[in-house]
Structure formats: structure tokens, C-alpha cells
Amino acid sequence: MAVVLLRHVGRHCLRAHFSPQLCIRNAVPLGTTAEEEMERFWNKNTGSNCPISPHITIYSWSLPMAMSICHHGTGIALSAGVFLFGMSALLLPGNFESYLECMKSLCLGPALIHTAKFALIPQLYQSGVVVLVLTV
């Protein structure tokens, strides 16, 4: 059954591709052209003095709106960062060891490690414990 249906649809598509006159018979002629429709649309909108679309000053700011804007902004920033990191790995001269030595020469290691140990990791651990307690 499926083979017959597939053959019928395939033949119909081939007929439509090779002889476009078969498809024209189902088309309904339009009463107006696109230019006339656009002219009528703009005459109606300019006569009513309404804005084309609502703008940001109409809406009052809310927390979900601000969070959505921040979420989109951080997504764009992270995407740009990953893209730039990948492109720099491909295009910059040298190898990984030379860039690792450059990062080690900045002496950020101890400060970054202690910050991660005493500021970030306990918070992550506590939130994980809270999630486990709440799920049990």
C-alpha cells in the first residue's frame, strides 16, 4: 500500500516538474496585484497614525523580561567566546605548550585555585547536597 502511494506521489511530482501546465489549472487568479495590496496597506496605516509595531517604551519592565534579555546576552557572549577560542587555536602560530607557558607566566594559578576552592566549590557542593536532600 505504501509503495503504491509513494509511486503515485512520485509520478505526480515528476509530472508537475516536467509539465508545469498541470499545476496551473489548480491556481486561482488573484483579484489584485502585490503592488496594489501594499499601497492599500500603507494608505490604511498612515491614515490611522498607528505605529507599525509596538516598541520597547510601551511595555513596563519586568523581572522575566530583564532575565530573558540577560540570558540572550550571555548566550551571545559565550558563543562568541567559544568561537574566538576555537578560531585562535586554529589560526594562531605556535602550539598548545607555548600558550600554556604564557598562561603560567601570568601567575594566576594560586589565586584562581584558592578562589575556586573556597568560594565556588563549597557553594556547588552545598547546592548539590540540597538537591539530593530534596529529591529523597
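Criteria and thresholds
Residues numbered from 1 in each chain as written. Predicted model: local features only at pLDDT ≥ 70, side-chain atom pairs only at ≥ 80, totals over all residues. Heavy atoms only, no water. UniProt positions renumbered as here; feature names shortened; annotations may be inferred. Helix = DSSP H or I, 4+ residues; strand = E, 2+ residues; numbered from the N terminus. Buried < 20%, exposed > 50% of the residue type's maximum accessible area, 1.4 Å probe, protein only. Areas by Shrake-Rupley, 256 points an atom, 1.4 Å probe, with all protein chains shown as cover. Expected span 1.5 Å × (residues − 1). Patch = residues over 30% accessible without salt bridge, like charges linked within 9 Å, V, L, I, M, F, W, Y side chains within 5 Å. Salt bridge = Lys/Arg side-chain N within 4 Å of Asp/Glu carboxyl O. Phe/Tyr/Trp six-rings, centres within 6.5 Å; stacked < 30°, edge-to-face > 60°.

As annotated in an unreviewed UniProt entry, the protein is Succinate dehydrogenase cytochrome b560 subunit, mitochondrial from Colobus angolensis palliatus. Its UniProt record gives the protein the following Pathway (unreviewed entry) comment, quoted word for word: "Carbohydrate metabolism; tricarboxylic acid cycle."

Novice: Help me out: how do you make sense of the overall build of the protein in this one?
Specialist: Scanning the protein from terminus to terminus reveals 6 helices and 0 strands. For the protein, the residues scored as buried account for 0% of the 136 residues in total. For the protein, the accessible surface area stands at approximately 12800 Å², while carbon and sulfur atoms represent 73% of it.

Novice: Help me understand helix 4 (residues 63-91), please; the structure alone is not making it clear to me.
Specialist: In an α-helix there are 3.6 residues to a turn, and that puts residues three or four apart on one side. When the terminal C-alpha atoms of helix 4 are compared, their 41 Å separation across 29 residues agrees well with the 42 Å that a helix rising 1.5 Å per residue should span. The buried count for helix 4 comes to 0 of 29 residues, which makes it a mostly uncovered element.

Novice: Would you take a moment to explain a nonpolar patch on the surface for this structure?
Specialist: On the surface, Phe83, Leu84, Met87, Leu90 and Leu91 cluster together into a nonpolar patch covering about 570 Å² of accessible area. Mapped onto the elements, methionine 87 comes out in helix 4. What makes methionine 87 partly exposed here is its relative accessible area of 30%.

Novice: Looking at this structure, how should I read the packing of aromatic side chains?
Specialist: The description of an aromatic ring pair uses the distance of the two centres, along with the angle that the planes make with each other. Scanning the entire structure with this criterion turns up 1 aromatic pair. Here the aromatic rings of phenylalanine 41 and tryptophan 42 are separated by 5.2 Å at their centres, their planes lie at 75 degrees, and the arrangement is edge-to-face.

Novice: What should I look at first to understand the pattern of salt bridges in this one?
Specialist: Any two side chains of opposite charge can pair if their charged atoms end up close together. Scanning the entire structure with this criterion turns up 1 salt bridge. Across the salt bridge formed by arginine 40 and glutamate 37, the nearest N and O atoms sit 2.9 Å from each other. Of the two residues, arginine 40 and glutamate 37 are both situated in helix 3 (residues 34-48); the distance of 3 residues between them amounts to about one turn of the helix.

Novice: When you look at helix 3 in this model, what are you seeing that I'm missing?
Specialist: Taking 1.5 Å per residue as the helical rise, helix 3 with its 15 residues ought to reach 21 Å, and the 21 Å between its terminal C-alpha atoms agrees with that figure. Just downstream of helix 3, asparagine 49 is the residue with a positive phi angle, here 55 degrees.

Novice: Looking at this structure, I do not really get the UniProt feature "transmembrane region" (unreviewed entry) in the protein. What am I missing?
Specialist: In the numbering adopted here, UniProt assigns the feature "transmembrane region" (unreviewed entry) to residues 75-96. The straight-line gap between the two end C-alpha atoms of residues 75-96 is 27 Å; of that span, 82% is helix and 0% is strand.

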